[in-house]
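Coordinate analysis (summary)
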There are 2 protein chains.
Amino acid sequence: MVRIMNGIKSLPLKNITVDDPFWGRVINLVREKVIPYQWEVLNDRIPDAAKSHCIKNFEIAAGRRNGEFYGMVFQDSDLYKWLEAAAYSLDTRPDPELEKLTDSAVELIGSAQQADGYINTYYTVKEPDGRWSNLQQGHELYCAGHLIEAAVAYYNATGKRDFLDIAIRFADYIDSVFRNTEGYPGHQEIELALAKLYRVTGEKRYLTLAGKFIRRRGSGEPHYFIKERQKPQYRTIWPQLEEFDAAYSQSHIPPLEQRHTTGHAVRAVYMYTAMADLALEDGNAQMRGVCEGLFDNITKKQMYITGAIGSTSIGEAFTTDYDLPSDLIYGETCASIGLMIFCQRMNALSGDARYADTIERALYNTVLAGMSLSGTEFFYVNPLEADPARLAHSPDLAHIKNPRQKWFDCSCCPTNIARTVMGLGEYIYRTAPDGLYVNLYCSGTAEDGLRSIAVKTGYPYADKAVITVSGGRYKLFLRNPENAPILSLSVGGLELDVQTQNGYVVLERDWNGNEIVLRFDMRPKIIYTSPKSQNNNGKAAVMRGPLVYCAEQADNGENLGAVILPSEAAFAETGAVDGLPPETVMLKSPAHRYTGQGDVLYTAAPPKLSDTEVKLVPYFLWANRNVGEMRVFLHHRI
Amino acid sequence: MVRIMNGIKSLPLKNITVDDPFWGRVINLVREKVIPYQWEVLNDRIPDAAKSHCIKNFEIAAGRRNGEFYGMVFQDSDLYKWLEAAAYSLDTRPDPELEKLTDSAVELIGSAQQADGYINTYYTVKEPDGRWSNLQQGHELYCAGHLIEAAVAYYNATGKRDFLDIAIRFADYIDSVFRNTEGYPGHQEIELALAKLYRVTGEKRYLTLAGKFIRRRGSGEPHYFIKERQKPQYRTIWPQLEEFDAAYSQSHIPPLEQRHTTGHAVRAVYMYTAMADLALEDGNAQMRGVCEGLFDNITKKQMYITGAIGSTSIGEAFTTDYDLPSDLIYGETCASIGLMIFCQRMNALSGDARYADTIERALYNTVLAGMSLSGTEFFYVNPLEADPARLAHSPDLAHIKNPRQKWFDCSCCPTNIARTVMGLGEYIYRTAPDGLYVNLYCSGTAEDGLRSIAVKTGYPYADKAVITVSGGRYKLFLRNPENAPILSLSVGGLELDVQTQNGYVVLERDWNGNEIVLRFDMRPKIIYTSPKSQNNNGKAAVMRGPLVYCAEQADNGENLGAVILPSEAAFAETGAVDGLPPETVMLKSPAHRYTGQGDVLYTAAPPKLSDTEVKLVPYFLWANRNVGEMRVFLHHRI
């Protein structure tokens, strides 16, 4: 059994340290605050937070407690994602007390496992005869996927096999059920998890089963999700899914025929991740081509500037090309995490930096915005504009919750953020036969046994990175960030031209502690949306490096929709105001504001323009001071 | 028994002729095409139109046919509103064939009347024991209101008492049930109808009952609509109304305490109409003050430039002040009709022209837009922008149907348009003790026995009106239109200064065929929304006189969101293109368009501006040529 197979070539987390002014705060927050907080929530010990009942569900399923199942049909996955986050934390910093807790959680999961390997507290407690009878809505395979992901992470972190063996028994049972029988999950997730299980065990049949789930999807008549409704045990779980829309679950046509991203956003990107995994492992060019096309469709036509995806709350879904409303947006935190994992596989598959550019966009903006500075409140939905008056009174915007919430009835996002932040190392570097890839700029070190690298940087605020490289002759691939292009580059004090291949500066040396100095373009920029999108004409956003900025009421007063960025915005950089992390770079610029017109609603008298100053903060920090208006796109006159 | 009581002082329709280049087309369309078409729909004889079953419901209730009730719980009201439209048509032009049809319909309604006077096909056929058990959802009093309105109109038109007697028996029965018992309608309508019945019969108790319904509303604990759920016969009709929101039906607080317009838009304005009726009849200053405040709240904060109201489809409702999204808008045709009737009463109550200005805005834009040039397709929802790609794929906009529909499952709007157009005379003139008011400019004549007037005009396209006045000494009140101000005025060739009182030019003469010539300001104007609304900053609409204009894809190609009106738009007026009525004045202006940026979604490169020409058509004519984009508000740089 090997730790990392060939397919996905991240470094083991153990081999990566992060010692970074920006990420240090975030990782410590998740380690010290978020993970303990979420354990308390899963145990229903946080007052005024939405009830979880997750641990109790397992205790009931394990026969340790009497009671009824409570929560979403996929409530189990909250514990699995929490365990995955905890595993990454243990992987990068041992913590015997946390490990005692996680061991006990693993043991609890084991106790809830049925004799044949099956684990799912909803079905075990509530519908013991209903197993696999409603794949469309039941989320059993989705939960199994998160169990497997957590077990693989836990094995990698601790070397303990218990959880992995639980996962293997479950996976083997699932394989026995679905190997030669029709059916595939209503919410994709297990496919990418089976690819992970294959990589850690070397057992090809897990990858084969993942491939079957993908290739069966959306094929055959009648549709499997309609056919299964004839089963005698079939019970409706989500009444709103009864009116069947196959595109919602990307099962309207087989995945290999899909060219246009559609349906539930998280389902879509989780599926694409598995498709990229399959292409990685078997080199299937057709599968890879489909993935490239879907990535292009998302990033060129259906992605917000913040890396958020999903333009509508109805079905938490994609809508259509260039439909990117700042107000109606869903932009689920989990969907941007799904976009990150899809891009991670695509980057591994292609060695192309544009996938890492999208990881950076989603991570530094939407994913980080999903968590408060306190670590105890979370966004599920990440709008690009918010006006408390509209949010309170427009039911079309009822999905947008400001401030962040302590927990949710459907609480997939908070634990997903935790596991993503604690697994950050997976996104920073990639080791490959042709060399070492630096995908994110983050202070710390990495080594793969042969090669080693140390990075010192204040990215994404500072414009400099110093990288010390050792380990003999190999190629170093330094991503030239789409949003913070490398302005200058020196190796051992020698200035070099910035030349890129697939978005990377490629340096091959006999590395022996050589020092590379990079300067990034961190000048604030006004960013325009393509006029093909009708949403942001006449408006612009401001970015500085990878960070999208926004205006908040706390700094600018209300009615942000009246603010106009001037044609030539001259941004001054200022330090953080109270309530924001001290390293924060804020921006300010002279601006204008539409005013006047008294109490008349419509008039032929043009509004007046008054002079004002607009102050901007990084979008991921919004809504950390008080409840107020926020806007990413402001009026702008070219 | 008198025809018109003191309160509401419209001229009888018989005394008004319309011989107008603009309205002639519309009235003839409704008379010749819409009324016969709708009769066919009510009889389910139009292929591919949504099933009505309205007549069959009555036949079943009357015992003339076997079968089940089909349709909305208020399906009966479609026949009543159709009868009201037909009555106005008969009032202004006898038509023995139509009258045979309407007589037969009246007879059918009479046959469906129960021994105690009750009429409602839903309850008679489907829930005979359920009468009055679910006032919140059951719409019995709503349907009764439309029956009464139709009966009053039919009596006025034909002099035949049968229908009026049916209505009186029903009203007397309702009075016996509710005079001394709690309860009030879930959908306001009967209150304003009872005021009409009072005016035509002189029976005060109808007005008293209307007052009771209004004054009981929203008072007492627990809420009546919660309390009635304890009745043994209570059955849920609208599952979506079970989660109770009292503000939806304006029953959260008593009407006299309401200062802010909220909830379902049609319910709101129908209630305000009845409140104004009560203030008219009893001179209650508090009630009048509340109505004035609610009118101000609507027109200064919650009304679209087209006179549309209701910013959200969820609950077909108002949202909050200054929330006027062009895309999410509901803008139900019925709601703008309700705004017209509310304003008609307020105009009678106050003699203030601003209420007639709002009638004009709603009528010439939203209400007329509700019907196709063919007279056989209708809008329920009236958006200010439409993009077929978004409409097809964004479920948030699923309520917007483009093209107009042949009929609807919930088809309140088409018959409402028909009765409004055929009753147009009610809005043109008002006779009062202090004189004769001209509220709309429309070619034709009017006389009230003493006074008479003849108008010749090409309004709203032409800028001139010639008015010939006779009948001795009295005051003539000529509205100075908010959106087409009077530029010059002469009486008998003598130029006068334009001076107004309450928005009217008041002329007192010994009228003896004197000729008044008015010139209106019909220059196209760029119109801005108050910056207090965040929706239209950086954008503007174009109006010419009372008509709001829009850009359509048919004239401008796609991607209308990229069009920019120049700072100083110089509009040329052009004749109609194919497919629009020949009298139509179109507008064109040089303009710009955002272009460029290739296939990149976000870029620091500003979009380019290309030169273009923008062509505009009156909003009420949109979607008569093909399915395409439409925008009222275009980008505009001041």
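Summary of the structure given here. (Residues numbered from 1 in each chain as written. Chains lettered and ligands numbered in written order. Predicted model: local features only at pLDDT ≥ 70, side-chain atom pairs only at ≥ 80, totals over all residues. Heavy atoms only, no water.)

Re the environment of A:N512
Residue and element names in this part refer to chain A. Stated precisely, the cut-off is as follows: Where helices and strands are cited, they refer to DSSP runs of H or I of at least four residues and of E of at least two residues respectively, numbered from the N terminus. Contacts are assigned to residue pairs with any non-hydrogen atoms lying within 4.5 Å of each other.
If you trace the backbone, N512 turns up in strand 10 (residues 504-520). In sequence terms N512 and V617 are 105 residues apart; their C-alpha atoms lie 40 Å from each other. Ignoring anything within four residues of it in the chain, the contact list for N512 reads V469 and S470.

Details of the interface of chain A and chain B
Applicable threshold: As used here, buried area is the combined drop in accessible area, with a 1.4 Å probe, of two parts when they are placed together. Salt bridge, as used here: a side-chain nitrogen of Lys or Arg that lies within 4 Å of a carboxyl oxygen of Asp or Glu. Pairs of N or O atoms within 3.5 Å make up the polar contacts considered here, provided that, within protein, one atom can donate a hydrogen while the other can accept it, and that residues adjacent in sequence are counted only when both atoms are side-chain atoms.
Each side of the interface is counted separately: chain A has 62 residues, and chain B has 62 residues. Summed over both sides, the interface between chain A and chain B buries roughly 5100 Å², with carbon and sulfur atoms accounting for 54% of that surface. In terms of surface lost to chain B, no three residues of chain A exceed A:Q534, A:L601 and A:Y602, which account for 17% of the buried area on that side. In this structure, the connection of chain A to chain B is made through 4 salt bridges. Here B:D323 and A:R390 are joined by a salt bridge, their closest N and O atoms 2.6 Å apart. Between chain A and chain B we count 34 residue pairs in polar contact (both at pLDDT 80 or more) in total. Where the side of chain A that touches chain B is concerned, the elements lending two or more residues are helix 13 (285-302), helix 16 (388-393), strand 11 (525-529), strand 16 (586-595) and strand 17 (602-603) of chain A.

Concerning the relation of the copies chain A and chain B
Here is the rule we go by: For this overlay, a least-squares fit was computed on C-alpha atoms, restricted to residues scoring pLDDT of at least 70 in both copies.
Overlay of chain A on chain B (RMSD 0.0 Å): rotation 180°, translation along the axis 0.0 Å. Look at the turn and shift together and you get a two-fold axis relating the two. Taken together, the interface assignments show that 100% of the residues at the interface of chain A recur at the interface of chain B, consistent with an identical surface on both copies.

Focus: the packing of aromatic side chains
Convention followed: Pairing of aromatic rings covers Phe, Tyr and Trp, the last counted by its six-membered ring, and requires centre-to-centre distances within 6.5 Å; plane angles under 30 degrees mean stacked, over 60 mean edge-to-face, and any other angle means tilted. Categorising residues by exposure relies on relative accessible area from a 1.4 Å probe, with only protein chains included: less than 20% of the type maximum marks a residue as buried, more than 50% marks it as exposed, and the intermediate range marks it as partly exposed. Only when the NZ atom of a Lys or the CZ atom of an Arg is both within 6 Å of the ring centre and within 35 degrees of the ring normal do we say a charge sits over the ring.
Evaluation of the coordinates by the stated rule reveals 78 aromatic pairs over all chains. Ring geometry for A:Y437 versus A:Y504: centroids 5.0 Å apart, planes at 85°, classification edge-to-face. Residue A:Y437 is located in strand 4 (residues 435-438), and its partner A:Y504 is located in strand 10; the two are separated by 67 residues in the primary sequence. For A:Y437, a relative accessible area of 5% translates into the label buried. On the basis of relative accessible area, A:Y504 is assigned to the buried category, the value being 0%. Considering the side-chain rings of B:F22 and B:Y461, the 5.8 Å spacing of their centres and the 65° angle between planes classify their relative orientation as edge-to-face. Here B:Y461 lies in the loop between strand 6 (452-457) and strand 7 (464-479) and B:F22 lies in helix 1 (residues 21-42), a separation of 439 residues in the sequence. Judged by relative accessible area, B:Y461 falls into the buried class, the value being 7%. Geometry around A:Y118 places A:R131 over its ring, the cationic atom sitting 3.8 Å from the centre. A cation sits over an aromatic face here: B:R430 above B:Y437, 4.2 Å from the ring centre.

Some words on unusual backbone geometry
Negative phi is the rule for most residues except glycine; trans is the rule for most peptide bonds. Residue and element names in this part refer to chain A. Residue E221 is joined to P222 through a cis peptide bond whose omega torsion reads -10°. With respect to the element layout, P222 can be found in the loop between helix 10 (204-216) and helix 11 (224-227). Of the consecutive residues Y459 and P460, the connecting peptide bond is found in the cis state with omega at 10°. You can see P460 is positioned in the loop between strand 6 (452-457) and strand 7 (464-479). A positive phi angle is found at D48, which is not glycine, with a value near 65°. Structurally, D48 can be placed in the loop between helix 1 (21-42) and helix 2 (54-61). Looking at D48, the relative accessible area reads 74%, which means it is exposed.

A closer look at the side chain of B:D78
Residues and elements named next belong to chain B. Put simply, the rule reads: Here the positive residues are Lys and Arg and the negative ones are Asp and Glu; neither His nor the chain ends is included.
With respect to the helices and strands, the residue D78 is situated in helix 3 (residues 76-92). No salt bridge forms around the buried D78; measuring N to O, its nearest opposite-charge neighbour K81 is 5.0 Å away. Look past the residues within four positions of D78 in its chain and what remains in contact with it is L42, C54, W407, S411, C412 and T415.

Section: helix 13 of chain A
Residue and element names in this part refer to chain A. For clarity, the cut-off: Multiplying one less than the number of residues by 1.5 Å gives the expected span of a helix.
Its 18 residues give helix 13 an end-to-end C-alpha distance of 24 Å, which sits within 8% of 26 Å, the value for a rise of 1.5 Å per residue. Here helix 13 has its buried residues at M287, V290, C291, L294, F295, N297, I298, T299 and Q302. Residues of helix 13 that are buried in the fold lie against helix 10, helix 12 (265-282), helix 14 (333-350) and helix 15 (353-369). The backbone nitrogen of Q286 has a side-chain oxygen 2.8 Å away, supplied by the residue at the start of helix 13, namely N284.

Points about the pattern of salt bridges
Pairing is possible between side chains that carry opposite charge, provided their charged atoms lie close to one another. Taken as a whole, this structure holds 85 salt bridges over all chains when the rule is applied. The partner of A:D599 in a salt bridge is B:K300, with the nearest N and O atoms 3.2 Å apart. Taken together, the residues span two chains, with A:D599 in the loop between strand 16 and strand 17 and B:K300 in helix 13 (residues 285-302). Using a relative accessible area of 42% as the deciding quantity, one classes A:D599 as partly exposed. Because the salt bridges share partners, they merge into one network encompassing B:D172, B:D175, B:R179, B:E203 and B:R205.

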